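Tertiary structure, described
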Amino acid sequence: MLKATIKSLLSRKLRLVLSALAVVLGVMFVSGSFVLTDTLQRSFTDLFSSAFANVDVSVSPKQEKGKEPAPLTPQAIADVRSVPGVASAVGDVEGSARPIGKNGKVITTSGAPRFGTNWTGAGQEKIRDGRPPSADDEVAIGAYLASTGGFKVGEDISLLTLEPRKTFKITGVYEYAGGRESLGGELSVAFTEPVAQQLLLGKKDAFSSITVTAAGGTSDDALRDAVAAKLGSGYDVKTGAALAKEQSDQINEGLKFFNYVLLGFAGIALFVGIFIILNTFSIIVAQRTRELALLRSMGASRGQVIGSVVLEAFVIGLIASIVGLGAGVGIGALLAKIFSSVGGTSLQLAGIGVPMSAVISSFAVGIVVTVVAAVMPALRASRIAPVAAMREAATPDRPLTKITIIGALVVAAGGTALGFGFNQASLTLIFGGILVAFVGVALLTPMLSRPMVSLIGRLLSWSMPGLLGRRNSARNPRRTAITAAALMVGISLITGVSVVLTSATKSIEKLASGQLQTDLIISGEGQNEGQAASFPRDVLSRVERTDGVSSAFGWASDGVLQGENQMFAVAVTDVPAMRTMFALKPKSGDIAPLKDDQIAVPEGLAAEKGWSVGSTVSLQLAKSEAPRTFTVGFIWAKTQVLQGALVLPESAAKSFRSDRIGQAFVQVKPGVSATDVQKRVEPLFADNPEITVQDRSAFVKQTTSQFDTVLLMIQILLALAILIAVLGVINTLALSVIERTRELGLLRAIGMRRSQVMRMITVESVVISVFGAVLGLAVGLALGVATVRALKDQGIGELGFPWVTMVQYLVVAAFVGVVAAILPAIRAARLNVLDAIAYE
C-alpha cells in the first residue's frame, strides 16, 4: 500500500504543485515574521548596548506616576563626584529639538528621535569636521542630520525647541565609533550647556541625567549602590547595562505586537490555503474513485485508504514546510534590510538568524494545515465501495441539505460570538466569531453556488463558449463553492475594514459640518517625540485681535491621574467660545467660565464615574506636588466632541508638562471670508512650520487621510491571502481540465476551435472569481455594519459604504479570473483530440 501511495504521489506531481505552493506561501509568511522580528530585536539590543557603552552608571530623577520629574541640579552632580570610586560625573541635558530643512519644512524621521543635547566631549560623539560649539549661537550637528538635510560646517540651521524658531551657526559635524553617522537614524544637535538648558528644559542650571564613569577597580554594580546611597530615594540610579536592557525590552515589546499582527495575517493566508488543499484532494479523490475502489477490491482496508491520502498530504506538507522556511528566511532578511535602510531608520542590522520558533512553527503549521485539510477527502475516499471500480470516475453530487443546516448553525454561532465580543470588548471572541462565521458561510456557499453562478454567468453567455463555461461553473456546486470561498475571505476582510473606515470618515465629516461651528482650525501636523506640536499662548491672543476674527479659543492638553486612572484633560482658554463653536448643550449646570477649582465633564464620563454638578474630583497634575481637588462645575450633553475628556480652567495649564496651546479654533465675523482671515492668520505662525491653519474641509481631509494609509497597509497584508485564492482558482481549473479531458476532446472533435475552448475556460474562471468577490462583498458588508454599530458610542455614529471601492473589487475579481484561466485554458486548447477522446 505504501508503494502504491508513493507511486500515486509521483504520478500526480503537477496536480499537487499549486496546493503545495499555497502552503509554501503561508509558511513563508509565518517563518518570515519570526526571522524579521528576531533580527530586529537583536539589532536594537546591539544598538542600545552601543548607545550606553560609555555609561557605567546613570542617574536620573525618579519618575512618579502622573508627575513630571524635577530636573537634576548642579548640587546633585557635586554629590555624585564626591562618591568614592567615581572617576567622572557629567551632567547631561536632553530634550526635543526639531531641525528645519532648507525647504522651510521640518525634517522628519520614521520613528527615530529628534533631540538636542549639551556638548560635553565625554560621550561617544567625535568631531568629524569643524569644532564643538562655544558660543550661544553655535551648534554641532550629527553626521546623519548633516547628510539628510544637506548641511555643512559654516551654514545656518533653524531649530524648534521649547522656544520659537531660532537660527544657529553650524560649527561642527560629529560621528560615532566606526565612522557611523548615527546610532539608529536619530537627528541630533548639540548646544552649549547654558543654551541647551534654556531651550530644552526651560530652566538654568538644570540637567536631565548624570553620566558616571567608574574609577579603575570599581565595578558598575558597586558604584551604582554607592551613588544610590549617597543621593537617597529621590533618584533612579542604574548601570549602563541595565539601561540598555530596559530600552531594548521596551522596543521588543513593540516588536512582539508587530509580530502578532504579521502572524495574524499569515494565519488568514493559511486559513485560505486550507480551502485550496481541501478542494484539491476532494477533486483528486473523485478522479481516483476507480483506482481506490480497485485497491479496496484487492483487499485494502478503509484505514489503509485513509492512510494513503493522509500520507500524501503529509509529504506535501513536509516539502512545502521546507521550501516555505527557506523562502521565509529570505523574505525576513529582505524586509529587515528594507526596514534598516528606508524611512530614515539607519539601523545597523545584526546578522540574519533563524530562530527555533521559526523552524518549529514552519513545520508544525505546514504539516498540520495540509494534513487537517486532507482529512475530509481521506474519509470520503475510505467510504468508496469496491463495486465503484465498475463505474465512471466522476462521483455524483450529494444532497446539500445537511451541509446547509450545519452552515446555518455555524454562522449563527459565529454571529453570537461576535456579538458577545463587541459587547465585552474581547478580541478573542471577536476574532473567533469572525473565523467561525467564515467557516459557516463556506458551508452555506454550495447552496448559493448554483443560482448565483447561473445569474453571474448570464452576463457572459452570449456565445456558445460562454454558455458552456457558465454551465461548467455550475456543474459541481461544492467545488465551485470551496474555490469561491477562498477568495471570499480576503475580499470580505478588506470590505469590512473599508466600511468601518468609510463610516468613520462620514462621521467626522458630519461632526465638522454639523456640530463643529468653527471656520478655521489651528493645529500641529504631528508629534514631537511624544508631545503634540504647539505654540505660545501669546500667539493665540494675536489671533483673537486679527482683523475679521469674531472669537477664538484654544487649549493645552496633558494626561492627568484620577486615582490610578490616566485621563485626558484640556485647559480651555475661553469656555463660552468653546460652547458656541462646539454647539455644546448643558446636561446639568450652566456652561460658563470655570473657576480655578472647577472642571467640566461630558455626560457619558459623568455617568461612568457617578459624578454630578458639585461632585469633588481629585486629580494629580504633572507639575503639582500633590493631587488637587476640583469641583464639577457643569456637565454637557452627549456629543461627539471631547468624549471622555476633562475640561479644566485655563489656569490649570501652568501645572501641565507644557502650557503651550496645542489646538485652537477660530470663528470669523459674519460676511467675512474665512479664506481672507486664514491668509492674515498664517503669518503669525511663520516661525513654526509644524503648525497649520486650515478651514474645516481641509482639516477633515487631513484627519481622514490616515484612514487611506491604514486601508492600504491591510490590503498589502491581505494580498497574500488573495494570491493563494487565485492559485486555488488556477488549481481547480487545471484539475477540472484533467478530469474533463475526454469531454474536451469530444468538443474539439465536433468542431470547437482552440480559441473557443480557451474562452470557455476563461468564462468559467471569471464566473467563479466574481462569485467569490460578490460573496466577499456581502460578508464584508455584514461584518462592517456590525462593527460600526458596535462602535456607535465610540464616535462612529454614521454608516457609510465604499461603493466605488466595492465596484473596483468586482472589476479586479473579473481580471483575476482572466489571469487565473490563462494556464488551464492553454493546457485545454493544446490537448490532442484523439488522445483526449481515448483518455480514461
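Numbers given for residues are sequential positions, taken from 1 along each chain in its written order. Owing to the predicted nature of the model, reporting of local features is limited to residues with pLDDT of at least 70; listing and counting of side-chain atom pairs is limited to 80 or more, with chain, interface and lining totals taken over all residues. As a convention, hydrogens and water are excluded, and side-chain values are obtained from all of the structure's heavy atoms.

Quick word on the overall build of the protein chain
- Looking only at helices and strands, one finds 23 helices and 24 strands in the protein chain.
- Think of it in three bands: with a 1.4 Å probe and only protein chains considered, a residue is buried below 20% of the maximum accessible area for its type, exposed above 50%, and partly exposed in between. For the protein chain, with 840 residues in total, the buried portion stands at 50%.
- Contacts in the protein chain between residues at least 24 apart in sequence constitute 82% of all its contacts with a sequence separation of at least 6.
- On the protein chain, roughly 37500 Å² of surface is accessible, and the fraction owed to carbon and sulfur atoms is 60%. Strands are runs of DSSP state E lasting at least 2 residues, helices are runs of H or I lasting at least 4, and numbering of each runs from the N terminus. Only heavy atoms matter for contacts: two residues are in contact if any of them lie within 4.5 Å across the pair. Computed with the Shrake-Rupley method and a 1.4 Å probe, the accessible areas treat only the protein chains shown as cover for residues.

Points about the packing of helix α12 (residues 427–458) against helix α13 (residues 464–475)
- Their axes nearest at 9 Å, the elements α12 and α13 cross at an angle of 165°. When the interaxial angle is binned, α12 and α13 end up roughly antiparallel. Crossing hand, α12 versus α13: right-handed. From α12, Arg450, Val453, Ser454, Gly457 and Arg458 reach across to α13, where they touch Arg470, Ser473, Ala474 and Arg475.
- Across the contact of α12 with α13, the residue classes tally to two nonpolar, three polar and four charged. Here the axes come from fitting lines to C-alpha atoms, over the contacting stretch only for helices, and the angles between their N-to-C directions go from 0 to 180 degrees. Note that the term roughly parallel is reserved for angles under 35 degrees, roughly antiparallel for angles over 145, roughly perpendicular for angles of 65 to 115, and oblique for everything else. Note: crossing handedness is left-handed where the near helix turns anticlockwise from the far helix by less than a right angle, and right-handed where it turns clockwise. Residue type decides the class: Asp, Glu, Lys and Arg count as charged, Ala, Val, Leu, Ile, Met, Phe, Trp, Tyr, Cys and Pro as nonpolar, and the leftover types, Gly among them, as polar.

Focus on the nonpolar core
- To qualify as a nonpolar core, a set must consist of buried Ala, Val, Leu, Ile, Met, Phe, Trp, Tyr and Cys residues joined through side-chain atoms within 4.5 Å. If you look at the biggest cluster of nonpolar residues, it comprises 88 residues, and the most contacted ones within it are Phe275, Phe438, Met488, Val489 and Ile724.
- At 14 residues, the largest contribution of residues to this core is made by helix α19 (residues 696–739).
- Setting aside its immediate chain neighbours within four residues, Val489 contacts Ile268, Phe271, Val272, Phe275 and Phe438.
- Among the nonpolar cores identified, the runner-up in size contains 39 residues, and Ile77, Leu159, Val189 and Leu231 belong to it.

Regarding the confidence of the model for the protein chain
- Residue-level pLDDT values for the protein chain average 84, and 92% of them are 70 or greater.
- The lowest-confidence element of the protein chain is strand β14 (residues 527–528), averaging 47 in pLDDT; the highest-confidence one is strand β7 (residues 138–142), averaging 95. One number per residue, pLDDT, summarises how confident the predictor is, and it ranges from 0 to 100.

Section: the pattern of salt bridges
- A side-chain nitrogen of Lys or Arg and a carboxyl oxygen of Asp or Glu constitute a salt bridge if their distance falls within 4 Å. Throughout the structure, instances matching the rule amount to 15 salt bridges.
- Taking the shortest distance from any N to any O, the salt bridge between Arg42 and Asp38 comes out at 3.0 Å. Here the residue Arg42 and the residue Asp38 both occupy positions in helix α2 (residues 13–51), the gap between them amounting to four residues, near one helical turn.
- Assessed through its relative accessible area of 18%, Asp38 is described here as buried.

What about the environment of Ala790?
- Among the structural elements, Ala790 can be located in helix α21 (residues 754–790).
- With 369 residues separating them in the primary sequence, Ala790 and Gly421 have C-alpha atoms 9.8 Å apart.

Notes on the sheet that holds strand β2 (residues 86–92)
- In this scheme, strands are said to pair when DSSP sees at least two bridges between them. Taken in spatial order, the four strands of this open sheet run β2-β11-β1-β12, and their pairing is antiparallel. The open sheet has two edge strands, β2 and β12 (235–239), and neither has a second partner. Averaged over all pairs of adjacent strands, the angle between their axes in this sheet comes to 20°, without regard to strand direction.
- In the sheet, strand β1 (residues 57–61) pairs with β12 via five bridges, with the strands oriented antiparallel.

Some details on the packing of aromatic side chains
- A pair of aromatic rings is counted whenever rings of Phe, Tyr or Trp (Trp by its six-membered ring) have centres within 6.5 Å, and the orientation is called stacked for planes under 30 degrees apart, edge-to-face for over 60 and tilted otherwise. Applying the stated criterion across every chain yields a total of twelve aromatic pairs.
- Between Tyr174 and Tyr176 the ring centres are 6.4 Å apart and the planes differ by 80°, which places this aromatic pair in the edge-to-face class. Each member of the pair Tyr174 and Tyr176 is classed as buried.
- On the numbers, 5.2 Å between centres and 25° between planes, the contact of Phe553 with Phe665 is stacked. One end of the pair, Phe553, is in strand β16 (residues 549–562); the other, Phe665, is in strand β23 (residues 663–668), and 112 residues separate them in sequence.
- Given the relative accessible area of 0%, Phe553 is considered buried.
- Each member of the aromatic cluster is reached from another via a ring pair, and the members are Phe553, Trp555, Phe582 and Phe665.

Remarks on a nonpolar patch on the surface
- Together, Phe314, Leu318, Ile319, Ile322 and Val323 give the surface a local cluster of nonpolar side chains, amounting to about 420 Å² of exposed area.
- For Val323, the location among the structural elements is in helix α9 (residues 302–341).
- A relative accessible area of 45% places Val323 in the partly exposed class. Only residues above 30% relative accessible area that lack a salt bridge enter a patch, with like-charged residues linked at up to 9 Å and the nonpolar side chains Val, Leu, Ile, Met, Phe, Trp and Tyr linked at up to 5 Å.

Overview of helix α15 (residues 537–544)
- For α15, the full list of buried residues reads Val539, Leu540 and Val543. One side of α15 holds all its buried residues, which, seen down the axis, span an arc of 105°.
- Among the structural elements, β13 (520–524), β16, β23 and α18 (674–681) are those in contact with the buried residues of α15. Of all possible arcs, the one meant is that of the directions from the helix axis to the C-beta atoms.

Quick look at the environment of Gly32
- Within the secondary structure layout, Gly32 lies in helix α2.
- A C-alpha to C-alpha distance of 47 Å links Gly32 and Ala87, two positions 55 residues apart in sequence.
- Gly32 has contacts with Gly328 and Gly332, leaving out every residue within four places of it along the chain.

A closer look at the pairing of strand β19 (residues 598–602)
- Among the five residues that make up β19, five are buried, leaving the element largely enclosed by the rest of the structure.
- Alternating residues of β19 divide into Gln598, Ala600 and Pro602 and Ile599 and Val601, and every residue in both groups is buried.
- Relative to strand β21 (residues 628–636), β19 runs parallel, the two sharing five bridges. Its bridge partner being in β21, Val601 is matched across the sheet by Ile635.

Notes on the packing of α12 against α21
- α21 packs onto α12 with a crossing angle of 135° between their chain directions and a minimal axis gap of 9 Å. In terms of orientation, α12 and α21 fall into the oblique class. Remark: the crossing between α12 and α21 carries right-handed chirality. Where α12 approaches α21, its residues Ile434, Phe438, Val441, Thr445, Leu448, Ser449, Met452, Val453, Ile456 and Gly457 are matched on the opposing element by Val767, Val770, Phe771, Val774, Leu775, Val779 and Leu783.

Thoughts on the environment of Val710
- Here Val710 lies in helix α19.
- For the pair formed by Val710 and Ser498, sequence separation is 212 residues and the distance between their alpha carbons is 9.7 Å.

Quick word on unusual backbone geometry
- Positive phi, normally seen in glycine, also occurs at Asp205, with a value near 55°.
- By the secondary structure assignment, Asp205 is in the loop between α5 (193–201) and β11 (209–214).
- Positive phi, normally seen in glycine, also occurs at Ala583, with a value near 50°.
- Within the secondary structure, Ala583 sits in the loop between α16 (575–581) and β18 (586–588).

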